[in-house]
Amino acid sequence: MTKDLIWFGIQYLSVQSRMLPHSAALSLGGTLGRIVCALSKKRVSRAVRRCSKILGCNLAVARDIVTKSYINLGRSVVEFLSLPKLSSRIDEIVTAHGIENLNDALACGRGVILLTAHLGNWELAAAYLGIKRYPIKAIGAEQRDPRITDLISDLRASCGVESIGKGFDLRSAIRCLQEGNILGVLLDQDARDKGIIAPFLGHPASTPYGPIKMAQKRRSPIVPLFIIRRKDGIRHDLYFLPTLEETIKDFYDKPIEENVRICNDILSDWILRHPEQWLWLYPRWASTLGDR
């Protein structure tokens, strides 16, 4: 029943995102995000405690951050559902900075790994590159409801972004890099017993290391990428940082544990700059701090 309610809500938002002006649709998404936050008392309480513990702030500050995170998520869902309509206006919505870093990395011919987190509207970042005809593929997002999984793949495809596998499909990821394509990776996920323990926002977290190990083995450039929503709630800044091998001496030759820590530090730095745009409802430290 819960799955059907969520699916109905997504369908409603999808219709409204097509009918309403973009700013009005985003306002609706933000309002729904606030409503969901108000109704999801147990989940929000866990997120608030998580935020307070990790950032070392009081509960009132943490609640404000988590509420804004839900509002950002509501707007992001509307933007994602609106992608087919927004393709022709992408330059009005997203301003890219440092895209020459990505171009230089692609010129190496060994494929590129984009390193990012659930910050801002990460799907819009991938869509921007797909619309600009960059050869980008993203790790498949398997949801509890297969209808939502299929919808995500279809919306990505409408912008030229291909979803590969469900979870980290090593074979498909290697093929992506062998073909000289871009592989988008969200590293801020709990890898449970299959990860490497490294600090994330200053606290030990099980971190996926497959993409980093693969980059080291293939000498594929890793380009950190972050998309940040502006204060107007509508426009975004998309940042492409220099490759890690440019900024970190002997990056390819370091132990995998050290490189996982380096990647987590980069993600943590950007999340700390914009904590209200990160996905606090996700139990990032579940397997290390019992955070569920």
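Rules and cut-offs
Residues numbered from 1 in each chain as written. Predicted model: local features only at pLDDT ≥ 70, side-chain atom pairs only at ≥ 80, totals over all residues. Heavy atoms only, no water. 1 Å grid on protein atoms, 1.4 Å probe; cavity = no way out; pocket = protein on both sides within 12 Å on 5 of 7 lines; lining within 4 Å. Points joined across faces, edges and corners; volume = space filled by probe spheres on them. Nonpolar A, V, L, I, M, F, W, Y, C, P; charged D, E, K, R; others polar. Phe/Tyr/Trp six-rings, centres within 6.5 Å; stacked < 30°, edge-to-face > 60°. Helix = DSSP H or I, 4+ residues; strand = E, 2+ residues; numbered from the N terminus. Buried < 20%, exposed > 50% of the residue type's maximum accessible area, 1.4 Å probe, protein only. Pairing = 2+ DSSP bridges. Axes fitted to C-alpha atoms, helices over the stretch in contact; angles between N-to-C directions. Contact = heavy atoms within 4.5 Å. Salt bridge = Lys/Arg side-chain N within 4 Å of Asp/Glu carboxyl O. Parallel < 35°, antiparallel > 145°, perpendicular 65-115°, else oblique. Left-handed = near helix turned anticlockwise from the far one by under 90°.

Peer 1: What exactly am I supposed to notice about the layout of surface pockets here?
Peer 2: A water-sized probe rolled over the atoms picks out the places where empty space is left. Approximately 210 Å³ is the volume attributed to the second largest pocket. A class-by-class count of the residues in the lining of the second largest pocket yields 1 nonpolar, 3 polar and 6 charged.

Peer 1: What am I meant to see in the packing of aromatic side chains here?
Peer 2: On inspection of all chains with the given rule, the structure shows 7 aromatic pairs. On the basis of an interplanar angle of 40 degrees and a centroid distance of 5.9 Å, the ring pair of Phe200 and Trp278 is categorised as tilted. Here the residue Phe200 occupies a position in strand β6 (residues 196-200), and Trp278 occupies one in the loop between α13 (256-273) and α14 (286-289), the gap between them amounting to 78 residues. Take Phe200 and Trp278: they sit in the same class, and that class is buried. A ring pair is formed by Tyr239 and Trp270, whose centres lie 5.3 Å apart and whose planes are at 50 degrees; its orientation type is tilted. One end of the pair, Tyr239, is in strand β9 (residues 236-240); the other, Trp270, is in helix α13, with 31 residues separating them in the sequence.

Peer 1: What should I look at first to understand the sheet that holds strand β4 (residues 162-164) in this one?
Peer 2: Hydrogen bonding along the main chain pairs the strands of a sheet, whether they run parallel or antiparallel. In spatial order, the strands read β1-β9-β8-β2-β5-β3-β4; together these 7 strands make up an open sheet with mixed pairing. The outermost strands of the open sheet, each flanked by one partner alone, are β1 (94-97) and β4. Between one strand and the next, the sheet's axes are offset by a mean angle of 30 degrees, whatever the strand orientation. Relative to the sheet, helix α7 (residues 99-106) contacts β1, β2 (112-116), β5 (182-186), β8 (222-229) and β9, its axis offset from that of β2 by approximately 145 degrees. Sitting on the sheet, helix α11 (residues 210-218) is in contact with β2, β5 and β8, with an inclination near 150 degrees to β2.

Peer 1: Even after reading the chapter, I still don't get the pattern of salt bridges, so can you show me in this structure?
Peer 2: Oppositely charged side chains may form a pair once their charged atoms are brought near each other. Within this structure, the stated rule accounts for 16 salt bridges. A salt bridge links Lys137 to Glu162; its shortest N-O distance comes to 3.7 Å. Residue Lys137 is located in strand β3 (residues 136-139), and its partner Glu162 is located in strand β4; the two are separated by 25 residues in the primary sequence. According to the relative accessible area criterion, Glu162 is partly exposed, its value standing at 42%. The salt bridge partner of Arg219 is Asp253, with a shortest N-O separation of 3.2 Å. Highlighted residues: Arg219 in the loop between α11 and β8 and Asp253 in the loop between α12 (244-247) and α13, separated in sequence by 34 residues. Judged by relative accessible area, which is 57%, Asp253 ranks as exposed. Beyond isolated ion pairs, a larger network of salt bridges with shared partners links Lys254, Glu258, Arg261 and Asp265.

Peer 1: Looking at this structure, I do not really get the packing of helix α3 (residues 41-55) against helix α4 (residues 59-81). What am I missing?
Peer 2: A pair of packed helices is characterised by two quantities: the angle between their axes and the separation of those axes. Here α3 crosses α4 at 120 degrees, and the two axes come no closer than 8 Å. With respect to α4, the element α3 is oriented oblique. Seen along the crossing, α3 lies across α4 with a hand that is right-handed. Of the residues in α4, those in contact with Arg43, Val44, Ser45, Ala47, Val48, Cys51, Ser52 and Leu55 of α3 are Leu59, Ala62, Arg63, Ile65, Val66 and Tyr70. Residues of the contact of α3 with α4, tallied by class, amount to 10 nonpolar, 2 polar and 2 charged.

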